[in-house]
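# Per-entry structural report
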Amino acid sequence: MDVLIHLSREIADYVLQGCSVRTEAAVMDRFGISYNTLRKIERGEPIRASVAQRLLARIEDERVA
């Protein structure tokens with residue numbers, strides 16, 4: 001069974017504001033998540049913990065760079 005978590009509003013807003021082009025390829029290239037996951041984030045739904053960890057790592061790398 002997959003563990004699901006809700007992202008903080010701050011992280012969700014960062015992702016949503018960072019996706020000016022909302023295509024599968026653009027979302028995957030920028031954040032390493034699928035377009036479907038982006039839509040879940042947009043609706044405030046939980047996402048798989050493993051996906052959230054990957055997303056948070058990408059954001060951290062982006063903020064450090």
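I will try to describe carefully the structure that is included in this document. Note that the structure is a prediction, hence the values are computed from the model and not measured.

### Here we look at the overall build of the chain
The number of helices and strands found in the chain is four helices and two strands. Listed N to C, the secondary structure of the chain is β-α-α-α-β-α in terms of helices and strands. Taking 11 Å as the expected radius of gyration for a compact globule of 65 residues, we find that the chain reaches 11 Å, a close match to that expectation. Along the first, second and third principal axes, the C-alpha atoms of the chain reach 30 × 25 × 20 Å. With 65 residues in all, the chain has 29% of them scored as buried. Put simply, 54% of the contacts in the chain that link residues at least 6 apart link residues at least 24 apart. By element, 51% of the accessible surface of the chain is carried by carbon and sulfur atoms, the whole surface being about 4300 Å². Charged side chains of the chain number 10 positive and 10 negative; the gap between the two group centres comes to 4 Å.

### A word on the packing of helix 1 (residues 9-17) against helix 3 (residues 35-43)
The geometry of helix 1 relative to helix 3 is characterised by a closest axis approach of 10 Å and an angle of 130° between their N-to-C directions. Our classification of the angle between helix 1 and helix 3 gives oblique. The crossing of helix 1 and helix 3 is left-handed. The segment helix 1 lies against helix 3, with Ala12, Val15 and Leu16 engaging Leu38, Ile41 and Glu42.

### Here we look at the packing of aromatic side chains
One pass over the full model with this rule turns up one aromatic pair. Judged by centre distance (6.4 Å) and plane angle (75°), the ring pair of Tyr14 and Phe31 falls under edge-to-face. In this pair, Tyr14 is assigned in helix 1 and Phe31 in helix 2 (residues 24-31), connecting sequence segments 17 residues apart. A relative accessible area of 0% means that Phe31 is categorised as buried.

Calculation rules
- Residues numbered from 1 in each chain as written.
- Predicted model: local features only at pLDDT ≥ 70, side-chain atom pairs only at ≥ 80, totals over all residues.
- Heavy atoms only, no water.
- Helix = DSSP H or I, 4+ residues; strand = E, 2+ residues; numbered from the N terminus.
- Rg over C-alpha atoms; globule rule 2.2 N^0.38 Å.
- Buried < 20%, exposed > 50% of the residue type's maximum accessible area, 1.4 Å probe, protein only.
- Contact = heavy atoms within 4.5 Å.
- Areas by Shrake-Rupley, 256 points an atom, 1.4 Å probe, with all protein chains shown as cover.
- Lys, Arg positive; Asp, Glu negative; His and termini not counted.
- Charge placed at Lys NZ, Arg CZ, Asp CG, Glu CD.
- Axes fitted to C-alpha atoms, helices over the stretch in contact; angles between N-to-C directions.
- Parallel < 35°, antiparallel > 145°, perpendicular 65-115°, else oblique.
- Left-handed = near helix turned anticlockwise from the far one by under 90°.
- Phe/Tyr/Trp six-rings, centres within 6.5 Å; stacked < 30°, edge-to-face > 60°.

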